[in-house]
Amino acid sequence: MINGNIQDFLDNLYYGAEMFFEFDGKRYFIQGWYDSGIHYLVLDYATKSDNYVWEYSSEDSSKCVKNFLNARLWNGKKFYDAEKEITWLEPM
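The paragraphs below set out a description of the structure included in this document.

Scoring rules and cut-offs
All chains use their own residue numbering, which begins from 1 and follows the written sequence. Side-chain atom pairs in this predicted model are given and counted only at pLDDT of 80 or more, local residue features only at pLDDT of at least 70, and totals for whole chains, interfaces and linings cover all residues. The basis for every side-chain value is the complete set of non-hydrogen atoms in the structure, without hydrogens or water. The angle between two axes is taken between their N-to-C directions and runs from 0 to 180 degrees, where each axis is a line fitted to C-alpha atoms and a helix contributes only its stretch in contact. Each helix is a run of H or I in the DSSP string that is no shorter than four residues. Each strand is a run of E no shorter than two, and both are numbered from the N terminus. By the definition adopted for this analysis, an angle is roughly parallel if under 35 degrees, roughly antiparallel if over 145, roughly perpendicular if from 65 to 115, and oblique otherwise. In a left-handed crossing the near helix is turned counterclockwise from the far helix by less than a right angle, and in a right-handed crossing that turn is clockwise. Contacts were defined at the residue level, with two residues in contact if any of their heavy atoms lie within 4.5 Å. Gly is put with the polar residues, along with every residue not named as nonpolar or charged; the nonpolar set is Ala, Val, Leu, Ile, Met, Phe, Trp, Tyr, Cys and Pro, and the charged set is Asp, Glu, Lys and Arg. Strands are labelled as partners when DSSP assigns at least two bridges between them.

## Remarks on the packing of helix 1 (residues 6-15) against helix 2 (residues 61-70)
Then comes step 1: The N-to-C vectors of helix 1 and helix 2 enclose an angle of 130°; their axes lie 8 Å apart at closest approach. With respect to helix 2, the element helix 1 is oriented oblique. Every pair of crossing elements has a handedness; the one defined by helix 1 and helix 2 is right-handed. Across from Leu10, Leu13 and Tyr14 in helix 1, the residues of helix 2 making contact are Ser61, Ser62, Val65, Phe68 and Leu69.
Then comes step 2: Among the residues forming the contact of helix 1 with helix 2, the class breakdown is six nonpolar, two polar and no charged.

## Examining the pairing of strand 3 (residues 38-45)
Then comes step 1: Where strand 2 (residues 26-35) and strand 3 come together, eight bridges link them in antiparallel fashion. Residue Tyr28 lies in a different strand from strand 3, and its bridge partner there is Tyr45.
Then comes step 2: Counting the residues between successive antiparallel strands, the hairpin from strand 2 to strand 3 contains two residues, one of them, Ser36, with a positive phi of roughly 50°.
Then comes step 3: In terms of strand pairing, strand 3 meets strand 4 (residues 54-58) through five bridges, oriented antiparallel.

## Quick word on the sheet that holds strand 4
Then comes step 1: With antiparallel pairing, five strands are arranged side by side in an open sheet as 4-3-2-1-5. The strands lining the two open edges of the sheet, one partner per strand, are strand 4 and strand 5 (87-89). The mean angle between the axes of side-by-side strands here comes to 20°, regardless of whether they run parallel or antiparallel.

In structure tokens form, the structure reads like this:
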């Protein structure tokens, strides 16, 4: 991961922290929350489009993170296959 520590990024996913990052010239925003016994993790373009790029919900936050890491969102790659091309950005 460019401009950040991959372990810190992953830890933040479990806490649902709001984070901005860039991949292949596109800026993304990821965040999570907990409501009524359900954990949510959603990925959106940083420009705040009306539709999520990816979303997942579960009673177990680790399932949300695992699903995000295994989703082929990065030009057909999983997160770990693309993480060296991902730049962690400061909040906009």
